[in-house]
Amino acid sequence: MTQAVLEFRSVDKEFRGEQGRLTVLEGFSFNLAPGEIVALLGPSGCGKTTLISLAAGIISPTRGQVLRAAWARVGLAFQEPRLLPWKTVEDNIRFAQRSFWEESAAGPNRARLLREMGLEGFRHAYPHELSGGMKQRVELARALAVQPHLLLLDEPFKSLDAALRDELLHFLKMEQAAQQFAALVVTHDPEEAVFLADRVLVLTERPAQIRGELVLAGPETRQGKAQELAVLLAEEG
Amino acid sequence: MTPSTIKGKQRATKVLAGCLSLLALLVLWGAAARSYHPLILPSPGETWRALRGLWADGALQANLAITLRRTMAGYGLALAAGFCLALLSRSHAFVQALLRPLLAVVQIIPPVVWTVLAVIWFGIATGRAPLFLIFMVTLPLSFSQIVSGLESIDGRLVEMARVYRCGWLRMITELYLPALLPHLAATVSVGFSFAWKAAVFAEFMGSTSGVGFVLSTANSNLETEQVFAWALVLVAVMLVCEYGLLIPLRRKAARWSS
């Protein structure tokens with residue numbers, strides 16, 4: 001394993017269904033360095049969620065290798081929050097933390113995230129008592145609460161209104177600057193990708209391959225890049 | 001009118017309707033009893049006196065305790081075995097293919113056959129026959145309901161738990177069991193009723209103690225008022241279990257799923 005926190009080596013992924021074999025990824029390779037944020041941008045249905053599922057170890061590649069650093073704690077947030085309905089907001093977050101942290105270390109971090117993400121008043125609420133936006137915040141808070149080395153985000157801001165999305169994007173950016181975790185972010189929004197990422201990979205239609213790569217070193221390099229990406233994406237779509 | 005006031009009124013109406021239907025049954029029973037000999041149909045008063053007599057000499061408490069103990073032991077074993085087998089069959093398709101037909105056969109065999117076999121194998125003095133019958137009657141039901149409960153668990157939650165490196169014990173206690181709680185509440189509701197009836201039936205056919213046995217003795221001695229008294233006890237136990245235990249359990253299970 002290299003220094004990368006996550007590495008895809010010539011990964012193919014096929015799904016077999018009633019309608020035959022569906023190839024979602026073909027010869028897909030890329031590295032994610034510690035502390036780096038990579039955004040995956042591509043047309044709908046190109047296999048972005050499959051990439052996140054492979055990175056999380058939820059599914060295995062058909063061919064090739066997906067290598068995660070053995071030491072890496074993984075935080076994961078999906079577009080549809082995967083909260084345990086029988087646990088309160090706080091217990092959902094504690095659930096993820098318990099595998100990695102003693103309560104003495106996890107508790108203060110959890111309290112901080114609940115406070116900073118506007119969830120403090122809802123810590124004893126159950127998921128069915130929350131709005132979609134609140135659930136999404138809990139999902140993200142849980143992913144951050146494990147103090148991940150690798151954060152995997154599958155369009156977690158897609159169904160949020162613009163104000164809440166911007167608020168969470170800024171919060172995420174600050175957390176990343178403070179904790180220096182690596183992140184793989186799936187998005188369909190070029191502005192979101194340019195705002196968050198150090199590197200944007202533009203994917204082709206299924207089976208997904210890397211069509212273009214954009215390195216964003218500092219704020220000045222981000223000027224006008226969202227439009228550039230949007231054009232690339234429109235050509236692909 | 002607030003929603004809680006409306007709910008309170010609806011509940012009061014339900015309770016009143018329930019009381020009225022019981023009262024009507026009692027009146028009808030009393031009226032019918034006047035037309036028949038007490039050996040055929042004892043009156044509510046005669047039944048009440050028999051019940052007080054059973055309480056006074058301790059037969060009611062002693063036999064009820066025996067039957068309840070057997071029911072809970074037999075059903076508890078069936079639930080635990082059903083849960084383990086369901087977990088196994090969920091994780092190994094081969095085990096599921098093996099178990100399903102086997103348990104279907106167990107379910108098809110009538111309880112009376114199991115009772116006869118239990119008496120042959122265990123005798124009537126040991127109290128194992130009722131345990132065996134309860135186990136055999138409720139195991140297939142527990143298994144199939146827990147399997148369908150496991151099948152209904154959202155696989156995405158399991159994936160999430162694995163990403164957060166949740167161990168098998170936490171997986172069972174914090175994910176599978178709470179997710180199964182609504183199914184378990186429904187399973188126990190039906191299963192306990194089955195177990196209770198099976199216990200009484202087995203004691204009636206092949207035991208020397210328990211409610212079923214004293215019911216059989218009262219039947220042999222033509223003590224019809226005692227038969228009615230025991231029938232009332234059996235119904236009362238089921239009502240207490242349903243309203244005191246199972247309905248609160250179902251409510252608790254539904255608390256987060258609304």
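Look above for the structure.
Treat the numbers as computed from the prediction; the structure is a model and nothing was measured.

Asker: So what's going on with the overall build of chain A? Which residues, and what values?
Answerer: Check the secondary structure of chain A and you find seven helices and nine strands. By the compact-globule yardstick of 18 Å for 237 residues, chain A fits well, its C-alpha radius of gyration being 18 Å. The 237 residues of chain A split such that 55% are buried. Summed over all atoms, the accessible surface of chain A reaches about 10200 Å², with 48% contributed by carbon and sulfur.

Asker: Give me the sheet that holds strand E2 (residues 20–32) of chain A: which residues, what numbers.
Answerer: Backbone-to-backbone hydrogen bonds join strands into a sheet, with any given pair of strands oriented parallel or antiparallel. Residues and elements named next belong to chain A. Judged by pairing direction, the sheet is antiparallel, and its three strands sit side by side in the order E2-E1-E4 without closing on themselves. Since the sheet does not close on itself, it has two edges, and those belong to E2 and strand E4 (63–68), each with one partner. Strand after strand, the sheet turns through a mean of 30° between neighbouring axes, direction not considered. Relative to E2, strand E1 (residues 6–17) runs antiparallel, the two being bridged by nine bridges. Residue pairing across strands places Phe-15 opposite Leu-22, the latter belonging to E2.

Asker: Talk me through unusual backbone geometry; I want residue IDs and the actual numbers.
Answerer: Backbone geometry places A:Ser10, a non-glycine residue, at a positive phi of 45°. Checked against the element boundaries, A:Ser10 lands in strand E1. At B:Arg165, a residue that is not glycine, the phi angle is positive and equals roughly 50°. With respect to the helices and strands, B:Arg165 occurs in the loop between helix H7 (155–163) and helix H8 (168–206).

Asker: Provide a residue-level description of the interface of chain B and chain A, including the pertinent values.
Answerer: At the junction of the two partners, chain B supplies 17 residues and chain A supplies 24 residues. Taking both partners together, chain B and chain A bury about 2100 Å²; carbon and sulfur atoms supply 62% of that area. In this assembly, chain B and chain A are joined by three salt bridges. Across the salt bridge formed by B:Glu174 and A:Lys87, the nearest N and O atoms sit 2.9 Å from each other. Counting the contacts that link chain B with chain A gives ten residue pairs in polar contact (both at pLDDT 80 or more). A total of six residues in the side of chain B that touches chain A trace back to one element, the largest contributor, which is H7(B). Grouping the amino acids of the side of chain B that touches chain A by side-chain chemistry returns ten nonpolar, one polar and six charged.

Asker: Give me the layout of surface pockets: which residues, what numbers.
Answerer: All names here are of chain B. Its volume calculated, the largest pocket comes out at about 590 Å³. Around the largest pocket, the lining residues are Lys-7, Gln-10, Arg-11, Lys-14, Val-15, Gly-18, Cys-19, Leu-22, Leu-239, Tyr-243, Ile-247 and Arg-251. Going through the elements one at a time, helix H1 (3–33) and helix H10 (224–254) are the ones with two or more residues in the lining of the largest pocket. For the lining of the largest pocket, the element with the most residues is H1, which contributes eight residues. Considering only residue class, the lining of the largest pocket consists of six nonpolar, two polar and four charged. Estimated volume of the second largest pocket: approximately 430 Å³. If you trace the second largest pocket, you find 15 residues lining it, with Leu-22, Leu-25, Leu-26, Trp-29 and Leu-232 closest to the centre. It is H10 that provides the largest number of residues to the lining of the second largest pocket, a total of six residues. Taken together, the residues of the lining of the second largest pocket sort by class into 14 nonpolar, one polar and no charged.

Asker: Residues and numbers for the nonpolar core, please.
Answerer: Counting 140 residues, the largest nonpolar core has A:Leu6, A:Phe8 and A:Leu184 as its most contacted members. For A:Leu184, the contacting residues outside a window of four places in its chain are A:Leu6, A:Phe30, A:Leu32, A:Val38, A:Leu40, A:Ile52, A:Ala55, A:Leu151, A:Leu152 and A:Leu153.

Asker: An account of the side chain of A:Thr50 is requested, with residue identities and associated values reported.
Answerer: Residue and element names in this part refer to chain A. With respect to the element layout, Thr-50 can be found in helix H1 (residues 48–56). With a relative accessible area of 12%, Thr-50 lands in the buried category. Excluding its chain neighbours within four sequence positions, the residues that come into contact with Thr-50 are Lys-13, Phe-15, Val-24, Leu-25 and Ile-59.

Asker: Run through helix H2 (residues 44–56) of chain B, naming residues and quoting values.
Answerer: One full turn of an α-helix is made of 3.6 residues, so residues set three or four places apart face in the same direction. Residue and element names in this part refer to chain B. In a regular helix each residue adds 1.5 Å, so 13 residues correspond to 18 Å; H2 covers 18 Å between its end C-alpha atoms and thus fits that length. Within H2, the full set of buried residues consists of Thr-47, Ala-50, Leu-51 and Leu-54. Axial view of H2: buried residues confined to an arc of 100°, hence all on one face. What points out from H2, more than 90 degrees from its buried face, is the exposed set Trp-48, Arg-49, Arg-52 and Ala-56. Just beyond H2, the residue with positive phi is Gly-58, at close to 85°.

Asker: Tell me about the sheet that holds strand E3 (residues 37–41) of chain A, and name the residues and values.
Answerer: All names here are of chain A. As summarised here, the arrangement of the six strands in space is E5-E6-E7-E3-E8-E9, forming an open sheet in which the pairing is mixed. Edge positions in the sheet fall to strand E5 (74–78) and strand E9 (210–215), since each has one partner strand and no second. In this sheet, adjacent strand axes meet at a mean angle of 15° when their direction is disregarded. One ladder, built from five bridges, connects strand E6 (residues 150–154) with strand E7 (residues 182–187); its direction is parallel. Pairing of Leu-150 across the sheet is with Ala-182, part of E7. On the sheet, helix H4 (residues 132–145) packs against E5 and E6 and is oriented at approximately 170° with respect to E5.

Asker: Outline the pairing of E5(A), supporting the account with residue identities and numerical values.
Answerer: All names here are of chain A. For E5, the buried fraction is high: five of the five residues fall into the buried class. Pairing geometry for E5 and E6, over five bridges, is parallel. Looking at the pairing, Val-74 lines up with Leu-150 of E6.

Asker: Tell me about H10(B), residues and numbers included.
Answerer: Residues and elements named next belong to chain B. Across its 31 residues, H10 extends 43 Å between first and last C-alpha, which sits within 8% of the 45 Å expected from 1.5 Å per residue. Within H10, the axis deviates most sharply at Glu-242, by approximately 35°. Of all the residues in H10, the buried ones are Thr-224, Ala-229, Trp-230, Val-233, Leu-234, Val-237, Met-238, Cys-241, Glu-242, Leu-246, Ile-247 and Ala-253. Check the buried side of H10 and you find it contacts H2, helix H3 (59–91), H8 and helix H9 (211–220).

The rules behind the values
Residues numbered from 1 in each chain as written. Chains lettered and ligands numbered in written order. Predicted model: local features only at pLDDT ≥ 70, side-chain atom pairs only at ≥ 80, totals over all residues. Heavy atoms only, no water. Helix = DSSP H or I, 4+ residues; strand = E, 2+ residues; numbered from the N terminus. Rg over C-alpha atoms; globule rule 2.2 N^0.38 Å. Buried < 20%, exposed > 50% of the residue type's maximum accessible area, 1.4 Å probe, protein only. Areas by Shrake-Rupley, 256 points an atom, 1.4 Å probe, with all protein chains shown as cover. Pairing = 2+ DSSP bridges. Axes fitted to C-alpha atoms, helices over the stretch in contact; angles between N-to-C directions. Contact = heavy atoms within 4.5 Å. Buried area = accessible area lost by both parts, 1.4 Å probe. Salt bridge = Lys/Arg side-chain N within 4 Å of Asp/Glu carboxyl O. Polar contact = N/O pair within 3.5 Å; in protein donor to acceptor, adjacent residues only side chain to side chain. Nonpolar A, V, L, I, M, F, W, Y, C, P; charged D, E, K, R; others polar. 1 Å grid on protein atoms, 1.4 Å probe; cavity = no way out; pocket = protein on both sides within 12 Å on 5 of 7 lines; lining within 4 Å. Points joined across faces, edges and corners; volume = space filled by probe spheres on them. Core = buried A, V, L, I, M, F, W, Y, C linked by side-chain atoms within 4.5 Å. Expected span 1.5 Å × (residues − 1). Arc of directions from axis to C-beta. Bend = angle between axes of the 7 residues up to and from the residue.

In short, geometric facts, not functional conclusions.
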